[in-house]
Amino acid sequence: MQKIVFNNQDGKPKPELAKRYTEIISSSLSELKCPLHDKQVKFELKFNAPDTYLIQVFACCPEFKSTVEKKISLMLS
């Protein structure tokens, strides 16, 4: 599971930050489909107090999930 750690003084979720990262990740993954099942990936950002968003990936198979997680990792590094 990938994560986004940010400076967060009040420990509350930042909807605008989550929205921006969701847009960035979505645009990067929009054309990506599983080569075996021809299905797209889904993901969700979950706030983990006080300063982290976890990126949870939902894919049709473990191989595709691993591929997507690597792509997200490279994108965020």
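As the structure is a computational prediction, the values presented were derived from the model and not from experiment.

## Examining the overall build of the protein
Argument step 1. Helix and strand counts for the protein come out as 2 helices and 3 strands.
Argument step 2. Going from N to C terminus, the protein has its helices and strands arranged as β-α-β-β-α.
Argument step 3. A burial count over the protein gives 26% of its 77 residues as buried.
Argument step 4. Summarising the internal contacts of the protein: among those between residues at least 6 apart in sequence, 56% fall at separations of at least 24.
Argument step 5. As displayed, the protein offers around 5300 Å² of accessible surface, 51% of which is attributable to carbon and sulfur atoms.
Argument step 6. Computed over 12 positive and 9 negative side-chain charges, the separation of the two mean positions in the protein equals 1 Å.

## Considerations on the nonpolar core
Argument step 1. Ranked by internal contacts, the top residues of the largest apolar core, which has 16 residues, are I25, L29, L45, I55, V68 and I72.
Argument step 2. Elements with a contribution of two residues or more to this core: helix 1 (15-29), strand 2 (42-48), strand 3 (52-58) and helix 2 (62-76).
Argument step 3. With residues near it in sequence (within four places) discarded, I55 still touches M1, Q2, I4, I25, F43, E44, L45, I72 and L76.

## What about the environment of H37?
Argument step 1. On the secondary structure map, H37 appears in the loop between helix 1 and strand 2.
Argument step 2. Considered as a pair, H37 and V5 are 32 residues apart in the sequence and their alpha carbons are 33 Å apart.
Argument step 3. Apart from the residues lying within four places of it in its own chain, the contact partners of H37 are C60 and C61.

## Focus on the pattern of salt bridges
Argument step 1. Evaluation of the coordinates by the stated rule reveals 3 salt bridges.
Argument step 2. Its salt-bridge partner being D10, residue K14 comes within 2.8 Å of it at the nearest N-O pair.

## Structural notes on the pairing of strand 2
Look at any regular strand and the pattern is simple: side chains alternate between the two faces of the sheet.
Argument step 1. As paired strands, strand 2 and strand 3 are joined by 7 bridges and run antiparallel to one another. When the bridges of strand 3 are listed, E44 appears paired with Q56.
Argument step 2. Once strand 2 ends, the chain turns through 3 residues before running back antiparallel as strand 3.

Reading guide: rules and limits
- Residues numbered from 1 in each chain as written.
- Predicted model: local features only at pLDDT ≥ 70, side-chain atom pairs only at ≥ 80, totals over all residues.
- Heavy atoms only, no water.
- Helix = DSSP H or I, 4+ residues; strand = E, 2+ residues; numbered from the N terminus.
- Buried < 20%, exposed > 50% of the residue type's maximum accessible area, 1.4 Å probe, protein only.
- Contact = heavy atoms within 4.5 Å.
- Areas by Shrake-Rupley, 256 points an atom, 1.4 Å probe, with all protein chains shown as cover.
- Lys, Arg positive; Asp, Glu negative; His and termini not counted.
- Charge placed at Lys NZ, Arg CZ, Asp CG, Glu CD.
- Core = buried A, V, L, I, M, F, W, Y, C linked by side-chain atoms within 4.5 Å.
- Salt bridge = Lys/Arg side-chain N within 4 Å of Asp/Glu carboxyl O.
- Pairing = 2+ DSSP bridges.

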